[in-house]
Amino acid sequence: MVEKLTGAARTEAIAGLDGWSEVEGRDAISKSFRFSDFAEAFGFMTRVAFHAEKADHHPEWFNVYSKVEIVLTTHEADGVSERDIALARTIDGMS
């Protein structure tokens, strides 16, 4: 079972991410990405999708043209877990 991050561990983990912020009204983190065009945004989403599938941890996302918004939360933990932090770091390495 994956455990939800709480307290200082949660604060420290989120603070260590570049540009990710807590989602108001949810136990989740989010970040928006901008690309030069739709093809670049879609390519980014494809790279993330392959990694997410391998990790069996899938983002919630929204795409319009060159913008991709990603929300991460661990449903089985009912909130942000180390899995979300790890995926956020991986995603940042792909952008």
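A brief structural summary. (Residues numbered from 1 in each chain as written. Predicted model: local features only at pLDDT ≥ 70, side-chain atom pairs only at ≥ 80, totals over all residues. Heavy atoms only, no water.)

Overview of unusual backbone geometry
Then, number 1: Even without being a glycine, Asp56 presents a positive backbone phi close to 55 degrees.
Then, number 2: Relative accessible area serves as the criterion here: at 54%, Asp56 is assigned to the exposed category.
Then, number 3: At Tyr65, a residue that is not glycine, the phi angle is positive and equals roughly 50 degrees.
Then, number 4: Examined against the element boundaries, Tyr65 turns out to sit in the loop between strand E3 (60-64) and strand E4 (67-72). (Buried < 20%, exposed > 50% of the residue type's maximum accessible area, 1.4 Å probe, protein only. Helix = DSSP H or I, 4+ residues; strand = E, 2+ residues; numbered from the N terminus.)

Side note on the sheet that holds E3
Then, number 1: One open sheet holds the four strands; their spatial order is E1-E2-E4-E3, and the pairing between them is antiparallel. Sheet topology places strand E1 (21-22) and E3 at the edges, where each strand pairs with a single neighbour.
Then, number 2: On top of the sheet, helix H2 (residues 38-55) reaches strand E2 (29-34), E3 and E4; it is set at about 165 degrees to E3, its chief contact.
Then, number 3: Set on the sheet, helix H3 (residues 82-94) makes contact with E2 and E4; between it and E2 the angle comes to about 10 degrees. (Pairing = 2+ DSSP bridges. Contact = heavy atoms within 4.5 Å. Axes fitted to C-alpha atoms, helices over the stretch in contact; angles between N-to-C directions.)

Here's the deal with the pattern of salt bridges
Then, number 1: Tallied over the entire structure, the rule returns eight salt bridges.
Then, number 2: For the salt bridge of Arg26 with Glu60, the shortest nitrogen-to-oxygen distance reads 2.9 Å. Taken together, the residues Arg26 in the loop between E1 and E2 and Glu60 in strand E3 connect sequence positions 34 residues apart.
Then, number 3: Here Glu60 falls in the partly exposed class, since its relative accessible area comes to 28%.
Then, number 4: Ionic pairing is found between Lys31 and Asp92, a salt bridge with its closest N-O pair at 2.8 Å. (Salt bridge = Lys/Arg side-chain N within 4 Å of Asp/Glu carboxyl O.)

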